[in-house]
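Given next are the chains, with one letter for each unit.
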Amino acid sequence: MLKKIRKYFGPKKLAEGNKIVINAEKLETRVAVLEAGSLEEYTIERVNDEQIVGSIYKGIVRNIEPGLNAMFVDIGLEKNAFLHFWDAIPEALDSGMEEIHRNRNAKQNPQNKGGNPKNRRKGGKNNKIQSKDIPKLYPVGSEVLVQVTKGPIGTKGPRVTTNISLPGRYMVLMPRNDQLGISRKIEDPKERARLRKIMAEKMTIPEGKGVILRTVSSGQKVRYFVRDLAMLIAQWEEIEENANSGKAPLCAFREPDLIERTVRDFLTEEIDEVLCDDLESVERMRELAGVISRRSRNRITHFNTMVPIFDKLAIQTQIDDAFYRQVWLPSGGYLVIDETEALIAIDVNTGRAKNQDKMILQTNLEAAEAVARQLRLRNIGGLIVVDFIDMKARKDQNAVYRTMRERLKRDKAKTQILQISQLGLMEMTRQRLHESLNITVNEPCPFCQGRGMVKTAESMSVELQRKINSVFAKQGDRLDGLVVIVHPDVLERMRTHDSDLFVELERRHNSRLTFRSDPTYHREQIIFADPKTQKEIAI
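Because the structure is predicted, anything quoted here is derived from the model rather than measured.

(A) Structural context of the overall build of the protein chain. Scanning the protein chain from terminus to terminus reveals 15 helices and 25 strands. Per-residue burial for the protein chain yields a buried fraction of 44% across its 539 residues. Accessible surface, the protein chain: about 30,300 Å² in total, of which carbon and sulfur atoms supply 49%.

(B) Spotlight on the sheet that holds strand S20 (residues 382–387). Taken in spatial order, the six strands of this open sheet run S17-S18-S19-S20-S22-S21, and their pairing is mixed. Two strands in the sheet have a free side with no partner beyond their single neighbour: strand S17 (326–328) and strand S21 (415–417). Adjacent strand axes in the sheet meet at a mean angle of 20° when their direction is disregarded. Looking at chain direction, strand S19 (residues 343–349) and S20 are connected through five bridges and run parallel. Bridged to Ala345 within S20 is Val385. The strands touched by helix H11 (residues 394–408) are S21 and strand S22 (425–430); relative to S21, the strand with the most contacts, the crossing angle is about 175°.

(C) Representation of the environment of Thr301. Mapped onto the fold, Thr301 is located in strand S16 (residues 300–302). When its relative accessible area of 30% is taken as the criterion, Thr301 is described as partly exposed. Taking C-alpha positions, Thr301 is 6.0 Å from Val274, a pair spaced 27 residues apart along the chain. Non-local contacts of Thr301, meaning those with residues more than four positions away in its chain, are made with Glu273, Val274, Leu275, Cys276, Val282 and Arg286.

(D) Layout of the confidence of the model for the protein chain. Residue-level pLDDT values for the protein chain average 83, and 89% of them are 70 or greater. Here residues 1–11 is modelled with pLDDT under 50, and outside its nearest four sequence neighbours on either side it reaches one contact, counting other chains as well. Note on residues 105–126: pLDDT under 50 across the span, and 33 contacts to partners over four residues away in sequence or across chains.

(E) Representation of the pattern of salt bridges within the structure. Throughout the structure, instances matching the rule amount to 25 salt bridges. For Arg46, the salt bridge is made with Glu28, and the minimal N-O distance between the two is 2.7 Å. Of this pair, Arg46 sits in strand S3 (residues 38–46) while Glu28 sits in strand S2 (residues 28–35), placing them 18 residues apart in sequence. Residue class for Arg46 comes out partly exposed when judged on its relative accessible area of 30%. Overall, Glu28 belongs to the buried group, its relative accessible area being 16%.

(F) View of the packing of helix H3 (residues 189–202) against helix H4 (residues 222–243). Packing of H3 against H4 leaves a shortest axis separation of 11 Å and a crossing angle of 55°. For the element pair H3 / H4, the angle class is oblique. Crossing of H3 against H4: the hand is right-handed. Two secondary-structure elements touch here, H3 through Leu195, Ile198 and Lys202 and H4 through Val222, Phe225 and Val226.

(G) Seen up close, the packing of helix H13 (residues 457–475) against helix H14 (residues 488–496). Packing of H13 against H14 brings their axes to within 9 Å, and their N-to-C directions diverge by 75°. One element, H13, and the other, H14, form an angle in the roughly perpendicular class. Contacts between H13 and H14 involve Ala457, Glu458, Met460, Ser461 and Leu464 on the former and, on the latter, Asp489, Val490, Arg493 and Met494. Taken together, the residues that form the contact of H13 with H14 break down as five nonpolar, one polar and three charged.

(H) View of the sheet that holds S2. The five strands lie next to each other as S3-S2-S1-S15-S16, forming an open sheet whose pairing is mixed. Because the sheet does not close on itself, it has two edges, and the strands there are S3 and S16. Strand-to-strand twist of the sheet, defined as the mean angle between neighbouring strand axes without regard to direction, takes the value 20°. Strand direction decides the pairing type here: strand S15 (residues 273–276) and S16, joined by three bridges, are parallel. In the strand pairing of S16, Val274 is matched with Ile300.

(I) How the structure looks around the side chain of Thr262. As for its placement among the helices and strands, Thr262 is situated in helix H5 (residues 258–265). Given the relative accessible area of 3%, Thr262 is considered buried. For Thr262, the side chain forms a polar contact with the main-chain oxygen of Leu258, separated by 2.7 Å. With residues up to four places along the chain from it excluded, the contact list for Thr262 reads Ile20, Ile22, Val31 and Leu267.

(J) Representation of the packing of aromatic side chains. For the structure on display, the rule yields six aromatic pairs. Judged by centre distance (6.4 Å) and plane angle (55°), the ring pair of Tyr42 and Phe310 falls under tilted. Separated by 268 residues along the polypeptide, Tyr42 in strand S3 and Phe310 in helix H8 (residues 309–312) bring together distant segments of the chain. Just as Tyr42 is buried, Phe310 falls in that class too. Arranged with centres 5.1 Å apart and planes meeting at 55°, the rings of Trp328 and Tyr334 form a pair that is tilted. Overall, the relative accessible area of 43% leaves Trp328 in the partly exposed class. The ring of Tyr170 is capped by Arg169, whose NZ or CZ atom sits 5.3 Å from the centre of that ring.

(K) Just the environment of Ile526, in detail. Mapped onto the elements, Ile526 comes out in the loop between strand S24 (513–517) and strand S25 (527–529). Note on Ile526: relative accessible area 14%, which makes it buried. Distance from Ile526 to Val486, taken between C-alpha atoms, is 5.1 Å for residues 40 residues apart in sequence. Residues within four places of Ile526 in sequence aside, it is in contact with Met460, Leu464, Lys467, Val484, Ile485 and Val486.

Thresholds applied
Position numbers for residues count from 1 along each chain, tracking the sequence in the order it is written. Selection of residues for local features in this predicted model requires a pLDDT of at least 70, selection of side-chain atom pairs for listing and counting requires 80 or more, and totals for whole chains, interfaces and linings are taken over all residues. To obtain the side-chain values, all non-hydrogen atoms of the structure were used and water was disregarded. The helix and strand labels rest on DSSP assignments: H or I over at least four residues marks a helix, E over at least two residues marks a strand, and numbering proceeds from the N terminus. Relative accessibility thresholds used throughout: buried, under 20% of the residue-type maximum; exposed, over 50%; partly exposed, between the two (1.4 Å probe, protein chains only). Only the protein chains shown count as cover for residues, with accessible areas throughout obtained via the Shrake-Rupley method and a probe of 1.4 Å. The pairing criterion is simple: DSSP has to find at least two bridges between the two strands. Think of each axis as a best-fit line through the C-alpha atoms, taken over the contacting stretch in the case of a helix, with angles from 0 to 180 degrees between the N-to-C directions. When checking whether two residues touch, look at their non-hydrogen atoms; a contact exists if any pair is within 4.5 Å. The predictor rates its confidence in each residue with pLDDT, a number between 0 and 100. The term salt bridge refers to a pairing of a side-chain nitrogen on Lys or Arg with a carboxyl oxygen on Asp or Glu at a separation within 4 Å. Relative orientations are named as follows: roughly parallel for angles under 35 degrees, roughly antiparallel for angles over 145 degrees, roughly perpendicular for angles from 65 to 115 degrees, and oblique for any other angle. Left-handed describes a crossing whose near helix is turned anticlockwise from the far helix through less than a right angle; right-handed describes the clockwise counterpart. Under the scheme applied, nonpolar residues are Ala, Val, Leu, Ile, Met, Phe, Trp, Tyr, Cys and Pro; charged residues are Asp, Glu, Lys and Arg; polar residues are all the others, including Gly. We call two N or O atoms a polar contact when they sit within 3.5 Å, provided that within protein one can donate a hydrogen and the other can accept it, with sequence-adjacent residues counted only if both atoms are side-chain atoms. Centres within 6.5 Å make a pair out of two Phe, Tyr or Trp rings, where for Trp the six-membered ring is used; the pair is then stacked when the planes are under 30 degrees apart, edge-to-face when over 60, and tilted otherwise. Note on geometry: a ring has a charge over it if NZ (lysine) or CZ (arginine) is within 6 Å of the ring centre and within 35 degrees of the ring normal.

See the structure below:
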């Protein structure tokens, strides 16, 4: 009986339901999204990091590159933003949205259908804007209001669009596009019909502005939509006022910080509880959530602990696993994930699993789920190629494809996925908005320059012989001997295998070689010094 009481009235275990765990510190805020105890998403934001994705700027067109079908816009950052011509054309709804036809009973000005003529839809015959028209609409030196869609990655500047969108709790407002839509992730036909009716009869959406109902709008009351729309319109009016208040380049709207974005994007009905170790952040989240719903506010809890919250809840070990190149699967197989600048290569191996058709299918199904999770967890995107274990039956390939598609539905980033090819490869793309988790937290090793490998002692011995020849060739008669300092592994190789070769070098150059080891040196580090002055010799 006591166990039953604890079960119903006591605190829920971490492995039960979906949770958000937030670690708020002075220099860094971390957010972990857990599904049944498994870490699915992990986001870091540091004090000095400027998260500009979603921010809106009034910029100046600095130059146009017809060969690239793009222009570069100065938005006040270190590097000019990249604006492709297609991102300057009013865009149609993507395949993930069902378009809702607007009720156009209201009178419109025939000279200005749908708002600013620069931002009309692609629909009408006389209103259609093509990429060739963009340089005329936005000549060099003109001002343009843009929104950042992708932050600076590597040596590339940010990417921007003129198709501005403002995300709210239940909807997305498109202030320069008059299309209406509903997320196709809402699958219930009755619910979709209800939402269509609400958009047509219950919501007063201004002409020239569009709205998309997000997946979380399913089952919500009309008053939530009306309130959300009013807040977004007021926000857009403030953005326009900011944009008109000064000269470009200027920031008209800055995307909120990680705490506020978490409340806006993740605190859905699917989340059972939010745990945070900072009382001030908890009060702030409760205030933000209270505007949305009282129920959401009550799910936010202060987790008071002296032990770091991620350690206390055993989340840190899962975070550490996200940086390993190898990821083990339940059946004994494993993934190998290699992140390059151009693409992400993921190899699926049987490992300890037996090489049988059923086991191969089981391993590939596990791999499909693990790949979808790792993409979210590591925040990696761009072009992704997954090399599954070869499957003979097409039905097995389709089963793996369906598993991957189903698992990717949880991903908030846009993804495209192709069927497994004849070579056993699955190609896919994932929207990349920020640097990956690996690049955010780590930097290339100063010794191996990111290779992840170092030269063998034998390789260093060969290289050392060449460098000794080079030093004597450059220094000539000025040297009366040479001191060579290397890593102990390299010196041990020279003593045990290559001593005769270095004796031969002494005879050839008629000079004495003195070798020393220093355990603080990297294996690939070699220092030459003059035996008299002990000064380092540059090579």
